[in-house]
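Architecture and fold: a report
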Amino acid sequence: MPKHIFITGGVVSSLGKGIASASIGKLLEAKGLKVALQKLDPYINVDPGTMNPYQHGEVYVTEDGAETDLDLGHYERFTSGVLSRVNNVTTGQIYNTVITKERHGEYLGGTVQVVPHITNEIKERIREVSRGKRYDIVISEVGGTVGDIESLPFLEAARQFGQEVGRENVVFIHLTLIPFVRAAGELKTKPTQHSVGRLREIGIQPDILLCRTEKKLSKDLKGKIALFCNVQSDAVIEARDVSSIYEVPLIFKEQGLDRVICKELHLEYRAGDLQEWKREVVDKILHPKHTVKIAVVGKYIQLQDAYKSIYEALVHGGIANDAGVLIKRVSAERLERGKAEKYLRDVSGVLVPGGFGYRGIEGKIKAIQYAREQKIPYLGICLGMQCAVIEFARNVAGLKGANSTEFNKKTPHPVISLLEEQEQVKDLGGSMRLGALPCHLKKDTLAHEAYKMEEAMERHRHRYEFNNKYKESFARLGLRFSGLSPAGKLVEIIELENHPWFVASQFHPEFKSKPDHPHPLFHEFVRHAFLRSQSSSNGEGSQKTSSESDNSSGEKVEVKERAPSEVA
Ligand code: GLN
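All right, on to the pattern of salt bridges then. Under the definition given, this model contains 41 salt bridges. Residues Lys-39 and Asp-71 are paired through a salt bridge, measuring 3.0 Å at the closest nitrogen-oxygen approach. Here the residue Lys-39 occupies a position in strand β2 (residues 35–41), and Asp-71 occupies one in helix α3 (residues 71–78), the gap between them amounting to 32 residues. Considered together, Lys-39 and Asp-71 belong to a single accessibility category, that of buried residues. Across the pair Lys-284 and Glu-280 runs a salt bridge, and its minimum N-O distance is 3.2 Å. Linking Lys-284 with Glu-280, this pair stays in helix α11 (residues 275–286), spanning four residues, or about one helical turn.

In structure tokens, the structure reads:
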């Protein structure tokens, strides 16, 4: 039976619980332990697939095609785990199951209640993660903040779970905030005391506190927190702000967090080794030899979380090339109203990410036209590929009004459309192509050169496809179809002849990129962007820690590449 770690959050949201959980996973894996991570989300949606990025940030897609919370992205990037739908549980799923059972009469006439029926179902989902698998440790991150109404059933289930498996088999870790009050010039522990008090009311005594802080915690202060919150003083861990999220496992290890976890779980202590992670990931991010500026042209650029995996994958591509990637976030809608050159003159690469709906599309197309004509390396992802096809159709093939039927059902040239089969099942819903599917890579193409293999498994999340009616004529005009589904029916990757590096995929490569295994397409994209920055004097800046963003007032603002909220 595996041991269990529950991670809760207190005081405020956005303390970086996902990164803390992923970092603990990394720390334990480095000791040779087999770790599984799971997110318990208190919202009532069945999954975040239908949520607006403004509400929820990116939707992360797993190999098995589940649309999940973006924290699963952190789990996969930090650890070797390949996650699936069992690794993300929501209140919506729990109630769905319980109500379905009730309708089937499975509760034999009983009154169905939060305790025990809902909490039993939650415990069942916690056990399901390790069923039939050999994990040493299961880490369950409870979404939300202690004190929220919604998360109560999850906390109650965690409490019961701890009691059932025995205290030596479970550890409760609470991530909290120690704010610095400037007027008083002091760090304050009271919010943490209250938050731990709330947990205790529910029956959970945390064993370890991870304290987010912008200033160093003194020994005295740690002692005070330990005393008031009833934990050992070596279990008060400072989680200070760091400049790269990938440093977090290192600062946890420095303070012996792994030792405390092993002690609490009655596990033999093995030192474990994070040297390679430090050398090959963290040092490369903190001290890159070069810098390269890349524009991400999207609809949700003001949001830190909307293109999370893409921003991370760009950082990974930078690691592979010993380059710090400065991300210039460009609003597609603003670009629609201005000249592409104004926004893209100073960048060495352009990326258009995935998305849904017409808003901002014309701006994305403009950006792609600029990248194609100015021979700036381009990476298009999902909608970014579809827009590249539309741009090619309109401006190279001369098909006026070419479009995707997602945006204009009556377009004279539906270069992106639904497959006929999909048109028929449309009313049934669920026509989205989701999860990992094979893609055949054609030899002597940029894609093949990047992957260096014949077939790749890549994750999808889309409805519309390249319309094969246009394949031959576009090929004659210099569009190469370098990746196809195994039967050759669906276009997976396109690229341009007569361009240094213009590649776009129908799938989402960003979901499979890791800091220690950068995705081949991001690796190559950043490499070509860097080559361009070397060959042209395009006025790139030399800062290494910030990226530019366009705010809604129309002024350029400097934003930290990693907001403190992302850092544990
Ligand atoms: N909206 C497009 C489609 O459904 C692209 C989706 C995406 O970029 N994830 O096909």
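What follows continues from the structure just given.
Moving on: the site of the ligand. Close contacts around the ligand come from Gly-354, Gly-355, Phe-356, Cys-382, Leu-383, Gln-386, Glu-406, Arg-461, His-462, Arg-463, Tyr-464 and His-508, and that covers them all. Look at the ligand: alone it shows 300 Å² of surface, and the protein chains cover 99% of it. Contributing elements (two or more residues each) for the shell around the ligand: α16 (383–395) and β19 (455–462). Of the residues in the shell around the ligand, the class split is four nonpolar, five polar and three charged.

One finds Ile-5, Ile-24, Ile-208, Leu-210 and Phe-252 to be the most contacted residues of the largest nonpolar core, which totals 47 residues. In terms of residues, this core owes the most to one element, helix α1 (residues 17–29), which gives six residues. Apart from residues lying up to four places away in sequence, Leu-210 is in contact with Ala-20, Ile-24, Ile-173, His-174, Leu-175, Thr-176, Ile-237, Phe-252 and Leu-257. Formed by 45 residues, the second largest nonpolar core is a distinct cluster that contains Ala-340, Ile-365, Met-385 and Ala-393.

With that settled, the discussion passes to the environment of Asp-258. You can see Asp-258 is positioned in helix α10 (residues 257–264). When its relative accessible area of 1% is taken as the criterion, Asp-258 is described as buried. Sequence separation between Asp-258 and Ala-271 is 13 residues; the distance between their C-alpha atoms is 8.6 Å. Discounting residues that sit within four places of it in the chain, Asp-258 has contacts with Leu-27, Lys-31, Lys-253, Tyr-269 and Ala-271. At a separation of 2.7 Å, a polar atom in the side chain of Asp-258 contacts the side chain of Lys-253.

Here we take up the sheet that holds strand β16 (residues 403–404). Strand order in the open sheet formed by three strands is β16-β17-β20, with mixed pairing between adjacent strands. Taken across any chain shown, the strands that pair with only one partner, and hence form the sheet edges, are β16 and β20 (465–466). Where β16 meets strand β17 (residues 414–417), two bridges bridge the pair, whose relative direction is parallel. The partner of Asn-403 across the bridge, within β17, is Pro-414. In the packing of α16 onto the sheet, the strands contacted are β16, β17 and β20, and the crossing angle to β17 comes to about 170°.

As a further point, take the environment of Asp-71. Take Asp-71: its relative accessible area is 10%, and that puts it in the buried class. Taking C-alpha positions, Asp-71 is 26 Å from Glu-524, a pair spaced 453 residues apart along the chain. Setting aside residues no more than four positions away along its own chain, Asp-71 makes contact with Gly-18, Lys-39 and Glu-141.

Further remarks concern the confidence of the model for the protein. Model confidence for the protein is summarised by a mean pLDDT of 91, while 93% of its residues fall at 70 or above. Across residues 538–568, confidence stays below pLDDT 50; counting only partners more than four residues off in sequence or on other chains, it has 103 contacts.

It is worth spelling out the packing of aromatic side chains at this point. The geometry of an aromatic ring pair is captured by two quantities: the separation of the ring centres and the angle between the planes. If you walk through the whole model with that rule in mind, you get 15 aromatic pairs. Measuring from centroid to centroid gives 5.6 Å for Phe-6 and Phe-172, while their planes differ by 20°, and the two rings are stacked. Placement of Phe-6 in strand β1 (residues 3–9) and of Phe-172 in strand β7 (residues 170–177) is noted, with a sequence separation of 166 residues between them. Take Phe-6 and Phe-172: they sit in the same class, and that class is buried. Pairing Tyr-378 with Phe-502 gives two aromatic rings, centres 4.6 Å apart and planes at 35°, and the pair type is tilted. Here Tyr-378 is found in strand β15 (residues 378–381), whereas its partner Phe-502 is found in strand β23 (residues 502–505), with 124 residues between them in sequence. Here Tyr-378 falls in the buried class, since its relative accessible area comes to 0%. A relative accessible area of 1% means that Phe-502 is categorised as buried. Of the aromatic side chains, those joined through ring pairs into one cluster are Phe-392, Phe-466, Tyr-470, Phe-474 and Phe-481.

What follows concerns the pairing of β2. Most of β2 is tucked away: seven of the seven residues are buried. Burial along β2 is two-sided: Val-35, Leu-37, Lys-39 and Asp-41 and Ala-36, Gln-38 and Leu-40, pointing in opposite directions, are all buried. The pairing of β2 with strand β6 (residues 137–142) spans six bridges and is parallel. Across the sheet, Lys-39 pairs through a bridge with Glu-141, a residue of β6. Pairing analysis gives three bridges linking β2 to strand β5 (residues 88–90), with the strands arranged parallel. Within β5, the residue paired with Leu-40 across the bridge is Val-89.

Let us look at the layout of surface pockets. Any empty space left between the atoms is revealed when a probe the size of a water molecule rolls over them. Approximately 820 Å³ is the volume found for the largest pocket. Surrounding the largest pocket, 37 residues form its lining, Ser-13, Ser-14, Lys-39, Asp-71 and Asp-305 being those nearest its centre. Going through the elements one at a time, α1, β2, α2 (53–56) and α3 are the ones with two or more residues in the lining of the largest pocket. The element best represented in the lining of the largest pocket is α2, accounting for four residues. Roughly 450 Å³ of internal volume is contained in the second largest pocket. What lines the second largest pocket is a set of 23 residues, and nearest its centre among them are Pro-53, Gly-354, Gly-355, Phe-356 and Arg-461. Split by residue class, the lining of the second largest pocket holds eleven nonpolar, seven polar and five charged.

Thresholds, definitions, all that
Residues numbered from 1 in each chain as written. Predicted model: local features only at pLDDT ≥ 70, side-chain atom pairs only at ≥ 80, totals over all residues. Heavy atoms only, no water. Salt bridge = Lys/Arg side-chain N within 4 Å of Asp/Glu carboxyl O. Helix = DSSP H or I, 4+ residues; strand = E, 2+ residues; numbered from the N terminus. Buried < 20%, exposed > 50% of the residue type's maximum accessible area, 1.4 Å probe, protein only. Near = heavy atom within 4 Å. Areas by Shrake-Rupley, 256 points an atom, 1.4 Å probe, with all protein chains shown as cover. Nonpolar A, V, L, I, M, F, W, Y, C, P; charged D, E, K, R; others polar. Core = buried A, V, L, I, M, F, W, Y, C linked by side-chain atoms within 4.5 Å. Contact = heavy atoms within 4.5 Å. Polar contact = N/O pair within 3.5 Å; in protein donor to acceptor, adjacent residues only side chain to side chain. Pairing = 2+ DSSP bridges. Axes fitted to C-alpha atoms, helices over the stretch in contact; angles between N-to-C directions. pLDDT = per-residue confidence, 0-100. Phe/Tyr/Trp six-rings, centres within 6.5 Å; stacked < 30°, edge-to-face > 60°. 1 Å grid on protein atoms, 1.4 Å probe; cavity = no way out; pocket = protein on both sides within 12 Å on 5 of 7 lines; lining within 4 Å. Points joined across faces, edges and corners; volume = space filled by probe spheres on them.

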